[in-house]
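# Topology and contacts: notes
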Amino acid sequence: MWFKLGQSILKELRLLFRDIGGLITLFVMPIILVVVVTSIQDSTYQSISASKIPILWLDHDQDSISFRVRAELEKSQSFELVTELNNKALTETAAKDAVFSGRYQMAIVLPDNLTSDLNIKVRQNVDAILEEMGMNTASYEPVTLERKEVRMYFDPATQTAFKNGIKSNIDKMIAQLESDAIYKTFETQLGGSGSTSFNEPFISFKEVVPQTHPDEVLPNSVQHNVPAWTLFAIFFIMVPLSINIVKEKSQGTYLRLISSPTSNAVLYTGKIITYLIICLLQFYAILLVSKLFFPLLNLPELNLSGNKVLLMSLLTLTAGLAAIGLGILLGIVCNTQEQSAPFGATFVVILAAVGGVWIPVFAMSDVMQVASKASPMNWALNGYYDIMLRNGSVVSIIPEMGLLTLFFAAIITFALLYDKKKRSV
Amino acid sequence: MPAIIKIQNISKQYKGSDYQSLNNVKLEIPEGSIFGLLGPNGAGKTTLLSILCGVIRPTLGSFEIAGISSNGNIRRIQEMIGVVPQEYALYPTLTAYENLVYFGSLYNVSKADLKPRITSYLKHLGLEKFMHKKIHTFSGGMKRRVNLIAGILHNPRVLFLDEPTVGVDVQSRATIIAYLKQLNQEGTTIVYTSHLMAEAQDFCTDIAIIDQGTVFVEGTPQELIQSIPHAHSLEEVFIALTGKKLRDVV
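What you are looking at is a predicted structure, and each value in this text was computed from that prediction instead of being measured.

The rules behind the values
- Residues numbered from 1 in each chain as written.
- Chains lettered and ligands numbered in written order.
- Predicted model: local features only at pLDDT ≥ 70, side-chain atom pairs only at ≥ 80, totals over all residues.
- Helix = DSSP H or I, 4+ residues; strand = E, 2+ residues; numbered from the N terminus.
- Rg over C-alpha atoms; globule rule 2.2 N^0.38 Å.
- Buried ≥ 20, exposed ≤ 12 C-beta atoms within 10 Å, placed from the backbone.
- Contact = placed C-beta atoms within 7 Å.
- Pairing = 2+ DSSP bridges.
- Axes fitted to C-alpha atoms, helices over the stretch in contact; angles between N-to-C directions.
- Nonpolar A, V, L, I, M, F, W, Y, C, P; charged D, E, K, R; others polar.
- pLDDT = per-residue confidence, 0-100.
- Core = buried A, V, L, I, M, F, W, Y, C linked by C-beta atoms within 7 Å.
- Expected span 1.5 Å × (residues − 1).
- Arc of directions from axis to C-beta.
- Parallel < 35°, antiparallel > 145°, perpendicular 65-115°, else oblique.
- Left-handed = near helix turned anticlockwise from the far one by under 90°.

### Regarding the overall build of chain B
A count of helical and extended segments in chain B gives nine helices and 10 strands. Scaling as 2.2 N^0.38, a compact globule of 250 residues should have a C-alpha radius of gyration of about 18 Å, and chain B matches this with 18 Å. Dimensions along the principal axes, computed over C-alpha positions, put chain B at roughly 50 × 40 × 40 Å. Of all 250 residues assigned to chain B, the portion counted as buried reaches 46%. By sequence separation, contacts in chain B at least 24 residues apart represent 70% of the contacts at least 6 residues apart.

Printed below as a string of structure tokens:
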């Protein structure tokens, strides 16, 4: 039996390593994927002056509020405010057209008299409160003011997350200015000098990352992305494996295999061991590139301190088993490469989406959160995060490894039973 | 000669099919014979071979090979038989030698025996110098010969061949047929399907004609020719028994 198994593994390795396209798919593409995605995600989180987002800025107010909003936006280092289009002063119509045509991501239009009207409105409100308290301080006749509107135009292609982020920042700035104006008006009306600064917020937020050792590296985009996209690459092994099985059926070699006195267990164990070796090689290649190549791209270095590599290797083995089980099932069910390749590729993308590779599970709808809990990619991702970000030990990844192994056992049993049934009809 | 294969009332109806691919087939194949299983397209030849090789299961009935019943003993039967499928059942990117080592290992040929056997078979079939060339560089005739070797590496008692000479040149066909005759003389029972009536008439010691899942007649080629008035060849017998109607099936 060992000779048969050895020959099966040798055969699979020969088939794989003589297929240049397949090798590129298995090794080069995942590395490119991890490098590209990590670079993109890293730059999203960093404030790099070279990647400022241009915003059309139309200021009808030209007073203290608009000056402060502008100053805050410029201070953020994320935006470049554009006030002219084609060497002409910006108009609202021109700004709207430029944004809707996709030339700019967004435009902000501040209404005229924003500062003066806000000051009047605040003064009226303060007067009303003081009068209620028995202090008649009204300094002028009340006037009716219309609500002021800061208009923001967004390119329809702009992603909602980006839009919401900008809107909430502007909203926060305006609220801060309004409260500042209220404080100042109260102070003036009550006879103060009006010079006291209320700009400093009393409550601040501090992010505290749980650390068990003081020398641990804080989470960064590399620690997040390398496990997620490595997993994506590992599950992609479904595609070449299913093609390998479908090809055997179409070439006629499958007929020779099933008419030989060799059990399916031996035949498929050969494939399982070979593709597990490939999974591990993929994993080590990605780790190596992340460790050595990322610093050259000004990306944070992958932290592999302690026994992280060993723990991740164990988890990769079980994640690889789950992916291989799915690949074998797909190969057995499909009759042509035209069925298996697109289905396999799409299925991996769905598994990744459901598993939380792109969007965190906590941000998903209730239904999708339940679906995510049933996704092998989610189990594996949690295991990787336990190791990479939560400094987990082998005990903390045992549940994920167990689930992945059980998933493999269930899928492979189903696949072999299906194959048997298919041949008995 | 005693029968090495006994087929007992085998019927096969595929799921979703309106008709039976095999209908109560009873057949005895003598040991040491070259048995031709002839019939038009869709007659049930390949289905019968697939059942005898343990690839698919019959709906009804059973069979015995060398006294071993098919019921629960398929692995033991598969150790005794060799299969040469109609397709080139080889890995195109592996060399002839690599293919043969792999398939030989599946049939429990020991590591020590494999190399001399492969070399010997390749030499007999004129392929020794192409031993380390990849299969996708081979001509149709060369692939057929490697396909044959893959089915006989373990010295089977019974060899099943599904149209082993289809699509090959005259030289390759002659080499294959001559080698099969030699194997038969050395004791291997051969069960063979073909559409080439002249080849079957010359090659087979016994023949069964099958159509619509039923065995019509069986006997030696001469017996069959004599059984049909004015017939001079197996082809005339075949036409007389199965008719001229096209047998396109889907």
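### Comments concerning the overall build of chain A
The number of helices and strands found in chain A is 15 helices and six strands. With 425 residues in all, chain A has 34% of them scored as buried. Put simply, of all contacts in chain A between residues at least 6 apart along the chain, 78% involve residues at least 24 apart.

### Description of the sheet that holds strand β1 (residues 53-59) of chain A
The strands making up a sheet associate through backbone hydrogen bonding, with each pair oriented either parallel or antiparallel. Residue and element names in this part refer to chain A. Across the sheet, which stays open at both edges, the four strands sit in the order β2-β1-β5-β6 with mixed pairing between neighbours. The open sheet has two edge strands, β2 (79-82) and β6 (151-154), and neither has a second partner. On average, adjacent strands in this sheet sit at an angle of 25° to one another, irrespective of strand direction. Where β1 lies against β2, four bridges are found, and the strand directions are parallel. Bridging from a neighbouring strand, I53 pairs with F79 of β2. The strands touched by helix α3 (residues 64-75) are β1, β2 and β5 (106-110); relative to β2, the strand with the most contacts, the crossing angle is about 140°. Together, β1, β5 and β6 form the strand contacts of helix α4 (residues 92-100), whose direction differs from that of β5 by roughly 160°.

### Some remarks on the interface of chain A and chain B
Each partner contributes residues to the interface: chain A has 22 residues there, and chain B has 29 residues. Of all the elements in the fold, those that place two or more residues in the side of chain A that touches chain B are α1 (2-17), α9 (253-258) and α15 (394-424) of chain A. A total of six residues in the side of chain A that touches chain B trace back to one element, the largest contributor, which is α1 of chain A. Looking at the side of chain A that touches chain B residue by residue, the classes come out as seven nonpolar, eight polar and seven charged.

### Some words on the confidence of the model for chain B
All names here are of chain B. Averaged over every residue, the pLDDT of chain B is 88; the share at 70 or more is 97%. Of all secondary-structure elements in chain B, the lowest mean pLDDT belongs to helix α9 (residues 234-242), at 80, while helix α3 (residues 96-106) reaches the highest, 94. Note on the complex model: pTM 0.76, ipTM 0.84.

### Describing the nonpolar core
Ranked by internal contacts, the top residues of the largest apolar core, which has 80 residues, are V146, I149, L153 and F160 of chain B. Once residues lying within four places of it in the same chain are set aside, the contact partners of F160 of chain B are L49, L52, C53, I81, G82, V83, V84 and V191 of chain B. V34, Y268, L302 and I328 of chain A belong to the second largest nonpolar core, which has 65 residues in total.

### Description of the pairing of strand β9 (residues 206-211) of chain B
All names here are of chain B. With respect to burial, β9 is a largely interior element, five of its six residues being buried. Both strand β3 (residues 34-38) and β9 contribute to a ladder of four bridges, which runs parallel. From the neighbouring strand, L37 faces β9, where its bridge partner is A208. When β9 meets strand β10 (residues 214-219), the two strands line up antiparallel, connected through five bridges. Note that in β10 the partner of I210 across the bridge is V215. Between the antiparallel neighbours β9 and β10 lie two residues, among them Q212 with a positive phi of about 50°.

### With respect to the environment of N108 of chain B
Take N108 of chain B: it is sitting in the loop between α3 and α4 (111-124). Residue N108 of chain B is classed as partly exposed on the basis of its 15 C-beta neighbours within 10 Å. Taking the C-alpha atoms as reference points, N108 of chain B and V83 of chain B, 25 residues apart in sequence, are found 15 Å from one another. Once residues within four sequence positions are removed from consideration, N108 of chain B is found in contact with P261 of chain A together with E79 and H154 of chain B.

### What about unusual backbone geometry?
A positive phi angle, close to 50°, is found at N86 of chain A, a residue other than glycine. Positive phi, normally seen in glycine, also occurs at E163 of chain B, with a value near 50°. Here E163 of chain B lies in the loop between β7 (158-162) and α6 (170-185).

### Here we look at the sheet that holds strand β1 (residues 3-12) of chain B
All names here are of chain B. With respect to topology, four strands assemble into an open sheet ordered β2-β1-β4-β5, the strand pairing being antiparallel. With partners counted over all chains shown, the strands left at the sheet margins are β2 (22-30) and β5 (68-69), one partner each. Judged from the five bridges that link them, β1 and strand β4 (residues 60-65) form a sheet pairing that is antiparallel. Within β4, the position partnered with S11 by the bridge is L60. Taken strand by strand, helix α1 (residues 45-52) contacts β1, β2 and β4, and its axis lies near 115° from that of β1.

### Focus: α1 of chain A
Taking 1.5 Å per residue, 16 residues should reach 22 Å; α1 of chain A reaches 22 Å between its end C-alpha atoms and fits that length. Those residues of α1 of chain A lying buried are K4, Q7, S8, K11, E12 and L15 of chain A. End-on, the buried residues of α1 of chain A take up no more than an arc of 135°, which puts them together on one face. Contacts from the buried residues of α1 of chain A go to α8 (238-251) and α10 (264-292) of chain A together with α3 of chain B.

### Quick notes on the packing of helix α12 (residues 337-355) of chain A against helix α14 (residues 376-388) of chain A
All names here are of chain A. Running from amino to carboxyl end, α12 crosses α14 at an angle of 55°, the nearest separation of the two axes being 7 Å. Taken together, α12 and α14 sit at an angle that is classed as oblique. Along this stretch, α12 crosses α14, giving a crossing that reads as right-handed. Every residue of α14 that contacts α12 at L351, A352 and G355 is listed here: M377, N378 and L381.

### Overview of the environment of K134 of chain B
All names here are of chain B. In this fold, K134 is placed in the loop between α4 and α5 (140-152). According to the C-beta neighbour criterion, K134 is partly exposed, with 16 such atoms within 10 Å. Through-space distance from the C-alpha of K134 to that of Y97 is 8.8 Å; in sequence the pair is 37 residues apart.

### Thoughts on α1 of chain B
Residues and elements named next belong to chain B. Counting buried positions over the eight residues of α1 gives eight, a clear majority of the element. All of the buried residues in α1 are K45, T46, T47, L48, L49, S50, I51 and L52. One or two steps after α1, the chain reaches G54, where phi turns positive at roughly 80°.

### Observations concerning the environment of T253 of chain A
Position of T253 of chain A among the secondary structure elements: in helix α9. Among the residues examined, T253 of chain A registers 24 C-beta atoms within 10 Å and is labelled buried. In contact with T253 of chain A, other than residues within four places in its own chain, are E248 of chain A together with A89, L90 and Y91 of chain B.

### As for the confidence of the model for chain A
The predicted model of chain A has a mean per-residue pLDDT of 84, with 89% of residues at 70 or higher. Taken element by element, the predicted model of chain A shows its lowest mean pLDDT in helix α2 (residues 20-45) of chain A (80) and its highest in helix α11 (residues 308-333) of chain A (94).

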